[in-house]
Amino acid sequence: NIDNDNIKASAGIVYSKLSIADADLTIAKTNGLQAALDAKAATTGPTFTGTANFQNINVAGTHTFINTATLDVSDSLISLAHNNNAGDTIDIGLYGLYDESGSKDLYGGIFRDATDSGKWKIFKDLEEAPTSTVNTSGTGYSAGTLVANLEGTIP
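Since this is a predicted model, take the numbers as computed values, not measurements.

Trainee: Can you help me understand unusual backbone geometry in this one?
Mentor: Keep in mind that most residues, glycine aside, have a negative phi and that most peptide bonds are trans. The backbone phi angle of A81 is positive, close to 60°, even though this residue is not glycine. Phi at S117 takes a positive value of approximately 55°, unusual for a residue other than glycine. Looking at the secondary structure, you find S117 in the loop between β4 (106-113) and β5 (119-126). Accessibility expressed as a relative area gives 71% for S117, which makes it exposed.

Trainee: Looking at this model, I keep getting lost on the side chain of N84. Mind explaining?
Mentor: Mapped onto the elements, N84 comes out in the loop between α1 (31-42) and β3 (92-98). In contact with N84, other than residues within four places in its own chain, are T89, I90 and I92.

Trainee: Sorry, what's going on with a nonpolar patch on the surface here?
Mentor: Residues I66, L71, V73, I78, L80, L94, I110 and W120 make up a contiguous nonpolar surface patch of roughly 860 Å² in combined accessible area. Tracing the backbone through its elements, the reader meets L80 in the loop between α1 and β3.

Trainee: Quick question: what am I supposed to make of the sheet that holds β3 here?
Mentor: Within a sheet, each strand pairs with its neighbour through backbone hydrogen bonds, oriented either parallel or antiparallel. What the four strands build is an open sheet, ordered β3-β4-β5-β6; its pairing is antiparallel. The outermost strands of the open sheet, each flanked by one partner alone, are β3 and β6 (142-143).

Trainee: Would you take a moment to explain the nonpolar core for this structure?
Mentor: Core analysis: the largest hydrophobic core is formed by five residues, namely Y107, F111, F123, L126 and V134. When contributions to this core are tallied by element, the ones reaching two or more residues are β4 and β5. Once you skip the residues sitting within four places of it in the chain, F123 turns out to touch Y95, Y107, G108, G109, I110, F111, P130, V134, Y141, S142, A143 and G144.

Here is what the cut-offs are and how they apply
Residues numbered from 1 in each chain as written. Predicted model: local features only at pLDDT ≥ 70, side-chain atom pairs only at ≥ 80, totals over all residues. Heavy atoms only, no water. Helix = DSSP H or I, 4+ residues; strand = E, 2+ residues; numbered from the N terminus. Buried < 20%, exposed > 50% of the residue type's maximum accessible area, 1.4 Å probe, protein only. Contact = heavy atoms within 4.5 Å. Patch = residues over 30% accessible without salt bridge, like charges linked within 9 Å, V, L, I, M, F, W, Y side chains within 5 Å. Areas by Shrake-Rupley, 256 points an atom, 1.4 Å probe, with all protein chains shown as cover. Salt bridge = Lys/Arg side-chain N within 4 Å of Asp/Glu carboxyl O. Pairing = 2+ DSSP bridges. Core = buried A, V, L, I, M, F, W, Y, C linked by side-chain atoms within 4.5 Å.

In structure tokens form, the structure reads like this:
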């Protein structure tokens, strides 16, 4: 048990005034610690402050929201459409929200169009957020512009 001033070991031993400054604390998984973490995670809208380092964490759900100013990913490849192995029915890509006028949300990005022979498309000005597909007939949808230097034979 941990309170503001003490740590109590399971045998009832109390260590007073635990202080950890500028160091990492590693605690091996125990049933008590796991139960405490499970209880915290089961509450509605749990809040954690400070820095927490987790290894091999699985996040399940239909919507995962990460609210951060900078997302730094160590992997060199990001896997998308993990469950798209039963049929080519969903689009794969990246999109973002922008608002040039301050009054209209627009979406633009790049995606592999499952309904168009798997062609990759760049788009802009779409007025509805894509879901599992990008609505190429949606209001405002138009082809985006690619600025690049091309090499090799262009058919």
